Amino acid sequence: QVQLVESGGGLVQAGGSLRLSCAPSGRTFSIYTMGWFRQAPGKERDIVAAITLTGGSTYYADSVKGRFTISRDNAKNTVYLQMNSLKSEDMAVYYCAAGSVYRTTGWGPKDFYSWGQGTQVTVSS
């Protein structure tokens, strides 16, 4: 079992920044990839970014490229999502997820087997 604890969500003005953190615990040796998803009311849960914990390969959804950065600190066993230039359309519940595969395209929730509880990101205009 892998447990994931997210933190860092909150209220920010449009154009502002937030940094989300995710700390996995438990059987972390089974994790190959960490991802961030988001889900707005009435919408599907979509991937935002992903990173492998070894080589550091990254993936970003087109909607966040150039604004969001996913990173890992293996010493602290933490994965981050730095979100800059936030827009109203970024407002959602953000979920951290752990998975065992890496893709260059076609990401979906099916690729991840453990999820955090979610953290709300609210962007005010």
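None of the values given here were measured: they were computed from a predicted structure. (Residues numbered from 1 in each chain as written. Predicted model: local features only at pLDDT ≥ 70, side-chain atom pairs only at ≥ 80, totals over all residues. Heavy atoms only, no water.)

Engineer: For this particular structure, what's the right way to read the nonpolar core?
Structural biologist: Within soluble globular proteins, side chains that are nonpolar generally end up buried alongside one another. By size, the foremost hydrophobic cluster in this structure holds 28 residues, and its most contacted members are Met-34, Trp-36, Leu-81, Met-83 and Tyr-94. Residue assignment for this core shows that the elements contributing at least two residues are strand 1 (2-7), strand 3 (18-26), strand 4 (33-39), strand 5 (46-52), strand 7 (68-73), strand 8 (78-83), strand 9 (92-99) and strand 11 (119-124). The biggest single contributor to this core is strand 9, with four residues. If you look at the next biggest cluster of nonpolar residues, it comprises eight residues, including Ile-47, Ala-50, Ala-97 and Trp-107. (Core = buried A, V, L, I, M, F, W, Y, C linked by side-chain atoms within 4.5 Å. Buried < 20%, exposed > 50% of the residue type's maximum accessible area, 1.4 Å probe, protein only. Helix = DSSP H or I, 4+ residues; strand = E, 2+ residues; numbered from the N terminus.)

Engineer: Can you help me understand the pairing of strand 1 in this one?
Structural biologist: Residue alternation in strand 1 divides its side chains into a buried set, Val-2, Leu-4 and Glu-6, and an unburied set, Gln-3, Val-5 and Ser-7. Pairing of strand 1 with strand 3, which is carried by six bridges, proceeds in the antiparallel orientation. Across the sheet, residue Ser-7 finds its bridge partner in strand 3, namely Ser-21. (Pairing = 2+ DSSP bridges.)

Engineer: Got a minute to help me understand the sheet that holds strand 7 in this structure?
Structural biologist: Within a beta sheet, neighbouring strands are joined by backbone hydrogen bonds and run either parallel or antiparallel to one another. With respect to topology, four strands assemble into an open sheet ordered 1-3-8-7, the strand pairing being antiparallel. The open sheet has two edge strands, strand 1 and strand 7, and neither has a second partner. Neighbouring strand axes in the sheet, compared pairwise and without regard to direction, differ in orientation by 20° on average. Two strands pair when backbone bridges link them, and strand 7 and strand 8 are joined in this way by six bridges, in the antiparallel orientation. Across the sheet, the residue bridging to Ile-70 is Leu-81, located in strand 8. (Axes fitted to C-alpha atoms, helices over the stretch in contact; angles between N-to-C directions.)

Engineer: I would appreciate a short explanation of the packing of aromatic side chains in the present structure.
Structural biologist: Here a ring pair, both rings aromatic, is described through the centre-centre distance and the interplanar angle of the planes. Under the counting rule described, the total for this entry stands at six aromatic pairs. For the ring pair Phe-37 and Phe-112, a centre distance of 5.2 Å and an interplane angle of 85° mean the geometry is edge-to-face. Here Phe-112 lies in strand 10 (residues 112-115) and Phe-37 lies in strand 4, a separation of 75 residues in the sequence. In this pair, the class of Phe-37 matches that of Phe-112, namely buried. An aromatic cluster of at least three residues, connected via ring pairs, comprises Phe-37, Tyr-59, Tyr-102, Trp-107, Phe-112 and Trp-115. Geometry around Tyr-95 places Arg-45 over its ring, the cationic atom sitting 3.6 Å from the centre. (Phe/Tyr/Trp six-rings, centres within 6.5 Å; stacked < 30°, edge-to-face > 60°. Lys NZ or Arg CZ within 6 Å of the ring centre and 35° of its normal.)

Engineer: In this structure, what is going on with the pattern of salt bridges? I would like to understand it.
Structural biologist: It is possible for side chains bearing opposite charge to pair when their charged atoms get close. All chains considered together, the criterion is met by five salt bridges. Of the charged contacts in the structure, one is a salt bridge between Asp-62 and Lys-65, with a shortest N-O distance of 3.1 Å. The network of salt bridges with common partners includes Arg-38, Arg-67 and Asp-90. (Salt bridge = Lys/Arg side-chain N within 4 Å of Asp/Glu carboxyl O.)

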